[in-house]
Amino acid sequence: EKERLRKKWLDRQAAMKEEILEITYSYWDGTGHRRTVQCKKGDTVAKFLELVRSSLAKDFREMQNVSSDALIYVKEDLVLPQDISFYDLISTKARGKSGPLFNFDVHDDVRVGAVDTRVEKDESHPGKVVERRWYDRNKHIFPASRWEIYDPAKEYGRYTIHGGEVNKKKK
């Protein structure tokens, strides 16, 4: 019985890793160029970056001669390592500095009227894809000055604005 349940669980995990994700990202070269790409939940960030690079190569000449290793993916101010999979981020409900990492569908903020910015939304911002060379030249300038390497063991806390005020969800 135990072995049957284990196999069933592993089969379900394998099926989930094959599900298609549509990821909205912004190629960042000083200005944003919003695009989407489809990959599997089980794909690593490295595989995603290769799909992005081949997609961008059609419109940006500099992408034709760049390897995907020379690109970085920044989500919620965190540089995601290339060996982590989207499945890992989704299943652990990973959080960034300003919101969930796992919620890859991006929505426009369509709230009308008085908007309470203290309430964290379930939605996430599009991640940025940048050339490592661009990052190295601009890491002292906003927004790159806020970015740090993602550490799954680190607690990034609740949604904050103005740097110090922590706003908790009302229950």
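Residues numbered from 1 in each chain as written. Predicted model: local features only at pLDDT ≥ 70, side-chain atom pairs only at ≥ 80, totals over all residues. Heavy atoms only, no water.

> When you look at the nonpolar core in this model, what are you seeing that I'm missing?
Nonpolar side chains tend to gather and get buried jointly when the protein is soluble and globular. Core analysis: the largest hydrophobic core is formed by 27 residues, its most contacted members being Y25, F48, Y73, F86, L89, V129 and Y150. Mapped by element, the contributors of at least two residues to this core are β1 (20–28), β2 (32–40), α2 (45–56), β3 (71–75), β4 (78–80) and α3 (86–91). For this core, the leading source of residues is α2, giving five residues. By size, the runner-up hydrophobic cluster in this structure holds nine residues, among which are W28, W134, A144 and W147. (Core = buried A, V, L, I, M, F, W, Y, C linked by side-chain atoms within 4.5 Å. Buried < 20%, exposed > 50% of the residue type's maximum accessible area, 1.4 Å probe, protein only. Helix = DSSP H or I, 4+ residues; strand = E, 2+ residues; numbered from the N terminus.)

> In this structure, what is going on with unusual backbone geometry? I would like to understand it.
Residues apart from glycine generally show negative phi values, whereas peptide bonds are mostly found in trans. Cis geometry is found at the peptide bond from F142 to P143, where omega equals 5°. Looking at the secondary structure, you find P143 in the loop between α4 (132–138) and β6 (148–149). Positive phi outside glycine occurs at E76, with the angle close to 50°. Relative to the helices and strands, E76 is located in the loop between β3 and β4. Even without being a glycine, K93 presents a positive backbone phi close to 50°. Checked against the element boundaries, K93 lands in the loop between α3 and β5 (127–131).

> Looking at this model, I keep getting lost on the pairing of β3. Mind explaining?
If a strand is regular, its side chains alternate between the two faces of the sheet. Most of β3 is tucked away, with five of its five residues classed as buried. Neither face of β3 is exposed, since L71, Y73 and K75 on one face and I72 and V74 on the opposite face are all buried. With four bridges joining them, β3 and β5 adopt antiparallel strand pairing. Bridge pairing in β5 places V74 opposite K128. By the bridge criterion, three bridges tie β3 to β4 in an arrangement that is antiparallel. Across the sheet, Y73 pairs through a bridge with L80, a residue of β4. Linking β3 to β4, which pair antiparallel, is a turn of two residues; within it E76 sits at a positive phi near 50°. (Pairing = 2+ DSSP bridges.)

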